[in-house]
Amino acid sequence: MTASRVLVLNSGSSSVKYQLLDMRDGGRLAVGLVERIGEETSRLKHTPACGESRERTGPIADHDAALKAVAEELAADGLGLDSPELAAIGHRVVHGGKHFTEPTVIDDTVLAEIERLIPVAPLHNPANLTGIRTARALRPDLPQVAVFDTAFHTTMPESAARYAIDVETADAHRIRRYGFHGTSHAYVSRATAKLLGKAPDEVNVIVLHLGNGASASAVRAGRCVDTSMGLTPLEGLVMGTRSGDMDPAVIFHLMRVGGMSADEIDTLLNKKSGLIGLCGDNDMREIRRRVDAGDERAKLAFDIYIHRLKKYIGAYYAVLGRVDAVAFTAGVGENAAPVREAAVAGLEELGLAVDAERNAVRGDEPRLISPDDARVKVAVVPTDEEMEIATQTYALVKGSENLT
Ligand code: ADP
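Worth saying up front: this structure is predicted, and the values here are computed from it rather than measured.

1. A short note on the overall build of the chain
For the chain, the helix and strand inventory stands at 15 helices and 14 strands. Over its C-alpha trace the chain gives a radius of gyration of 21 Å, about what one expects of a compact globule, namely 22 Å for 404 residues. Once the C-alpha set of the chain is aligned to its principal axes, its extents read approximately 55 × 55 × 45 Å. When the 404 residues of the chain are sorted by exposure, 50% land in the buried category. Pairs at least 24 apart in sequence give 61% of the contacts found in the chain among residues at least 6 apart. As displayed, the chain offers around 18400 Å² of accessible surface, 52% of which is attributable to carbon and sulfur atoms. Mean positive and mean negative side-chain charge positions of the chain (46 and 57 charges, respectively) differ by 1 Å.

Structure follows, in structure tokens:
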């Protein structure tokens, strides 16, 4: 029997999320999460397809201990990492810079390059590297593949990827717009084409990935031509805790007049801004509840969020020239009907509209929420980054094309 399983690992600074998928049928054999690694109160939650969820609590010192615990849980379900059915491990890597345009089989050179990118991804790449090193130590013989959040965006033209700053300074510090959430934008743009009954290269799609982090992308014929996140995930849309776009001079002002340090401003803009900074909540469910109860601050936060979103829809409409579909995805995009309705309201002249009844229906499947006669389709397309990572990993190790 040929090996058909892929373990997907998403290693954060204090967490590891994992899924074991069977690529013959896309089935999820197990999903799980280890959180608060390095603390006394670490927790591992493991859910196999064949049974009930199990939890372990108590200290898990580091990523090495975390992965060993995951391996034990998998082995207890007969899904151990030593199984001959395991074809590869696919790792989410946040920053691949300009260099990594495709999923890549990991060797020492690749590891060194991911390490070289740490200055542009100081929060994410070190954790991703730790996960990779630990997994390689556990199964040195198994192909391990890095799937980069930035890769889908490497097709952006220079006109979209460059900031209008001094070229020598930008190049010396590798400052350019890389974009993130790439596996989600790739998956959702393809799934949207499928929903329309077309091939990816036949359609132009605006993808709105609205989670706690949020980004938009303009995808022409299957290739990304612009995206809203930049050098880091701070640029672009209003997010749960990030400001998104802002006059960069706000930073000098806060330094010179507000007496704040670079680190303090970094924390302000990444952790204390966006929805939480505007109204004290970053969960769209709570914000909507407050709006419905007449809360003015929540209403202002919602309006600012929608205003920015609408500007990006308009901008990407202009970038693409012709738009076949706008796709909403991730926690807010998939679940918050009022966000979808408000973002598209008033854009009828652009061929965009939402049917209220369709928009109100909840579901796990990709679906259209625009009226039948809409010139531009509006869709809700649940994202599946783990499946995309597994698909890309498996395709690479099997040397075949798209398998799902
Ligand atoms: P991330 O992966 O960026 O952490 P998710 O894509 O899981 O985020 O999205 C999380 C966000 O989705 C929550 O902060 C919340 O605002 C929003 N969300 C989740 N469920 C709902 C819901 N039923 N209605 C409205 N918003 C929701």
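Picking up after the structure, the text goes on.
2. Observations concerning the packing of helix H2 (residues 108–116) against helix H3 (residues 125–138)
For the pair H2 and H3, interaxial distance at closest approach is 10 Å and the crossing angle is 160 degrees. Comparing the axis directions of H2 and H3 gives the class roughly antiparallel. Considering only the axes of H2 and H3, their crossing is left-handed. Across from Asp 108, Leu 111, Ile 114 and Glu 115 in H2, the residues of H3 making contact are Asn 125, Leu 129, Ile 132, Arg 133 and Arg 136. Of the residues contributing to the contact of H2 with H3, the split by class is four nonpolar, one polar and four charged.

3. A look at the UniProt feature "active site" (unreviewed entry) in the chain
Here, the residues flagged by UniProt with the feature "active site" (unreviewed entry) are Asp 149. Inspection of the secondary structure assignment puts Asp 149 in the loop between strand S8 (144–148) and helix H4 (158–161). Classification of Asp 149 as buried rests on a relative accessible area of 2%. In contact with Asp 149, other than residues within four places in its own chain, are Arg 92, Val 93, Val 94, Gly 179, Phe 180, His 181, Gly 182 and Thr 183.

4. Looking at helix H15 (residues 385–398)
The terminal C-alpha atoms of H15, which comprises 14 residues, lie 20 Å apart, in line with the 20 Å expected from a rise of 1.5 Å per residue. Turning to H15, its buried residues are Met 387, Glu 388, Ile 389, Ala 390, Thr 391, Thr 393, Tyr 394 and Ala 395. Against strand S1 (5–11), strand S2 (16–22), strand S3 (27–35), strand S6 (86–93), S8 and helix H6 (182–195) lie the buried residues of H15. The first or second residue beyond H15 is Gly 399, which carries a positive phi of 65 degrees.

5. Looking at the site of the ligand
Taken together, 13 residues form the shell around the ligand, and within it Asn 212, Met 284, Arg 285, Gly 331 and Asn 335 come nearest. The contact in question runs from an oxygen atom of the ligand to an N or O atom on the backbone of Val 332, over 3.4 Å. Isolated, the ligand exposes 580 Å² of accessible area, and the fraction of that covered by the protein chains is 65%. It is helix H12 (residues 330–335) that contributes the most residues to the shell around the ligand, four residues altogether. Partitioned by chemical class, the residues of the shell around the ligand number four nonpolar, six polar and three charged.

6. Concerning the side chain of Asp 324
Looking at the secondary structure, you find Asp 324 in the loop between helix H11 (296–320) and strand S12 (325–329). For Asp 324, the side chain forms a polar contact with the main-chain nitrogen of Asn 204, separated by 2.7 Å. Beyond its immediate chain neighbours, meaning those up to four positions away, Asp 324 contacts Leu 196, Glu 202, Val 203, Asn 204, Val 376 and Lys 377.

7. Quick notes on the UniProt feature "site: Transition state stabilizer" (unreviewed entry) in the chain
Taken from the UniProt record, the annotation "site: Transition state stabilizer" (unreviewed entry) applies to His 181 and Arg 242. Tracing the sequence through the fold places His 181 in the loop between helix H5 (167–172) and H6. Among residues more than four places away in sequence, those in contact with His 181 are Asp 149, His 153, His 209, Gly 213, Ala 214, Ser 215 and Met 229. Mapped onto the fold, Arg 242 is located in the loop between strand S11 (223–227) and helix H7 (249–256). Not counting chain neighbours up to four residues away, the residues in contact with Arg 242 comprise Gly 213, Met 229, Pro 233, Leu 234, Leu 237, Leu 269, Asn 270, Ser 273 and Gly 274.

8. Quick look at the sheet that holds S11
With mixed pairing, six strands are arranged side by side in an open sheet as S11-S10-S9-S12-S14-S13. Both outer strands of the open sheet, S11 and strand S13 (367–368), are each paired with one neighbouring strand and no more. Alignment of strand S9 (residues 204–210) against S12, held across five bridges, turns out to be parallel. By the bridge assignment, Val 207 is partnered in S12 with Ala 327. Against the sheet, H6 touches S9, strand S10 (214–220), S11, S12, S13 and strand S14 (377–380), its axis set at about 130 degrees to S9. H11 contacts S9, S10 and S11 of the sheet and is inclined by roughly 160 degrees relative to S9.

9. Considerations on the pairing of S1
For S1, the buried fraction is high: seven of the seven residues fall into the buried class. The alternating pattern of S1 places Arg 5, Leu 7, Leu 9 and Ser 11 on one face and Val 6, Val 8 and Asn 10 on the opposite face, and all of these are buried. Where S1 folds back onto S2 in an antiparallel hairpin, the turn is made up of four residues. Where S1 lies against S6, five bridges are found, and the strand directions are parallel. Opposite Arg 5, over in S6, you have Leu 86 as the bridge partner.

Analysis parameters
- In this numbering scheme, every chain counts its residues from 1 along its sequence in written order.
- Local features in a predicted model are, by the rule used here, given only for residues with pLDDT of at least 70; side-chain atom pairs are given and counted only at 80 or more, and totals for whole chains, interfaces and linings are based on all residues.
- Excluded from the side-chain calculations are hydrogens and water; all other atoms, namely the structure's heavy atoms, are used.
- Per the convention used, a helix needs a DSSP run of H or I reaching at least four residues, while a strand needs a run of E reaching at least two, with both numbered from the N terminus.
- Only the C-alpha atoms count toward the radius of gyration. The rule for a globule is 2.2 Å times the residue count to the power 0.38.
- For every residue, the accessible area obtained with a 1.4 Å probe (protein chains only) is divided by the maximum for its type, and the residue is called buried under 20%, exposed over 50%, and partly exposed between those limits.
- We call two residues contacting when some pair of their heavy atoms lies within 4.5 Å.
- In these tables, accessible area is a Shrake-Rupley quantity obtained with a 1.4 Å probe, and a residue counts as shielded only by the protein chains included in the view.
- Here the positive residues are Lys and Arg and the negative ones are Asp and Glu; neither His nor the chain ends is included.
- Charged side chains are reduced to one point each, which is NZ for Lys, CZ for Arg, CG for Asp and CD for Glu.
- Fitting a line to C-alpha atoms yields each axis, with helices limited to the stretch in contact; the angle taken between N-to-C directions then spans 0 to 180 degrees.
- Here the word oblique covers every angle except those under 35 degrees (roughly parallel), over 145 (roughly antiparallel) and from 65 to 115 (roughly perpendicular).
- The sense of a crossing depends on the near helix, which, turned anticlockwise from the far helix by less than a right angle, makes the crossing left-handed and, turned clockwise, makes it right-handed.
- Residues are sorted three ways: Asp, Glu, Lys and Arg are charged, Ala, Val, Leu, Ile, Met, Phe, Trp, Tyr, Cys and Pro are nonpolar, and all the rest, Gly among them, are polar.
- UniProt positions are given in the numbering used here, feature names are shortened, and annotations may be inferred rather than shown by experiment.
- Multiplying one less than the number of residues by 1.5 Å gives the expected span of a helix.
- The near set for a molecule or strand comprises every residue that places at least one heavy atom within 4 Å of it.
- Counted as a polar contact is a pair of N or O atoms within 3.5 Å, where, for protein atoms, one must be capable of donating a hydrogen and the other of accepting one, and residues adjacent in sequence contribute only when both atoms are in side chains.
- In this description, strands pair whenever DSSP reports at least two bridges between them.

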